[in-house]
Amino acid sequence: MQKINNLKEYQELCRKSAMKFEDKEKEIMTWGLGIAGEAGDVAGCIKKTFSHKNDQTLGIRENLGDTLWYLAMVCNYFYCDLNEILEENIAKLEKRYPQGFTEKAAKRQGVDWNEK
């Protein structure tokens with residue numbers, strides 16, 4: 001198994017393993033819908049693990065990897081650095097929840113965990 005040293009390297013390895021498209025619209029639709037499909041597979045494995053008592057841990061791992069691959073391909077399509085996206089996301093969350101997540105802080109963000 002190849003050792004991956006960083007997210008930039010991972011994105012490049014993903015690019016090398018990807019199908020080439022002449023139609024750019026079809027390409028981004030493939031990557032975007034791929035995320036949705038693989039994330040759905042993750043959800044299905046979780047459901048089977050807990051609702052059907054059928055351990056799908058390996059399936060969860062495989063489908064998380066596939067979801068991440070499609071995510072990297074969307075980043076590649078839009079010339080985004082996955083590492084920068086993760087850093088921006090953490091910065092947003094640190095600003096939103098400076099003391100860590102609390103229900104009180106989430107309510108200030110418009111999320112009421114007690115509503116049904």
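Refer to the structure presented above.
Residues numbered from 1 in each chain as written. Predicted model: local features only at pLDDT ≥ 70, side-chain atom pairs only at ≥ 80, totals over all residues. Heavy atoms only, no water.

**Quick word on the nonpolar core**
Next, step 1: Formed by Tyr10, Cys14, Ala18, Phe21, Ile28, Trp31, Tyr70, Ala72, Met73 and Val74, the largest nonpolar core amounts to 10 residues.
Next, step 2: Secondary structure elements with two or more residues in this core: helix H1 (7-17), helix H2 (24-51) and helix H3 (57-77).
Next, step 3: The biggest single contributor to this core is H3, with four residues.
Next, step 4: Non-local contacts of valine 74, meaning those with residues more than four positions away in its chain, are made with Ile28, Trp31, Gly32 and Ile35. (Core = buried A, V, L, I, M, F, W, Y, C linked by side-chain atoms within 4.5 Å. Buried < 20%, exposed > 50% of the residue type's maximum accessible area, 1.4 Å probe, protein only. Helix = DSSP H or I, 4+ residues; strand = E, 2+ residues; numbered from the N terminus. Contact = heavy atoms within 4.5 Å.)

**What to know about the pattern of salt bridges**
Next, step 1: Summed over all chains, the structure comprises three salt bridges.
Next, step 2: Between lysine 8 and aspartate 81 there is a salt bridge; the shortest N-O distance is 3.8 Å. Separated by 73 residues along the polypeptide, lysine 8 in helix H1 and aspartate 81 in the loop between H3 and helix H4 (82-96) bring together distant segments of the chain.
Next, step 3: We note a salt bridge from lysine 24 to glutamate 27, for which the minimum N-O separation is 2.8 Å. Taken together, the residues lysine 24 and glutamate 27, both in helix H2 and three residues apart, mark about one turn of the helix.
Next, step 4: A relative accessible area of 44% places lysine 24 in the partly exposed class.
Next, step 5: On the basis of relative accessible area, glutamate 27 is assigned to the buried category, the value being 11%. (Salt bridge = Lys/Arg side-chain N within 4 Å of Asp/Glu carboxyl O.)

**A closer look at H1**
Next, step 1: By the burial criterion, the buried members of H1 are Tyr10, Gln11 and Cys14. Along H1, the residues classed as buried sweep out an arc of 100 degrees about the axis, all on the same side. Within H1, the exposed residues directed more than 90 degrees away from the buried face are Lys8 and Lys16.
Next, step 2: Residues of H1 that are buried in the fold lie against H3 and H4.
Next, step 3: Here H1 starts with a cap whose side-chain oxygen sits 3.1 Å from the backbone nitrogen of lysine 8, and that cap is asparagine 6. (Arc of directions from axis to C-beta. Polar contact = N/O pair within 3.5 Å; in protein donor to acceptor, adjacent residues only side chain to side chain.)

**Focus on H2**
Next, step 1: With 28 residues, H2 should reach 40 Å at 1.5 Å per residue; the first-to-last C-alpha distance of 40 Å fits that figure.
Next, step 2: Among the residues of H2, those classed as buried are Glu27, Ile28, Trp31, Gly34, Glu38, Val42, Cys45 and Thr49.
Next, step 3: For H2, the elements touching its buried residues are H3.
Next, step 4: In this structure aspartate 23 caps H2, since a side-chain oxygen of it lies 2.9 Å from the backbone nitrogen of glutamate 25.
Next, step 5: Backbone geometry just downstream of H2 places lysine 53 in the positive-phi region, at approximately 55 degrees. (Expected span 1.5 Å × (residues − 1).)

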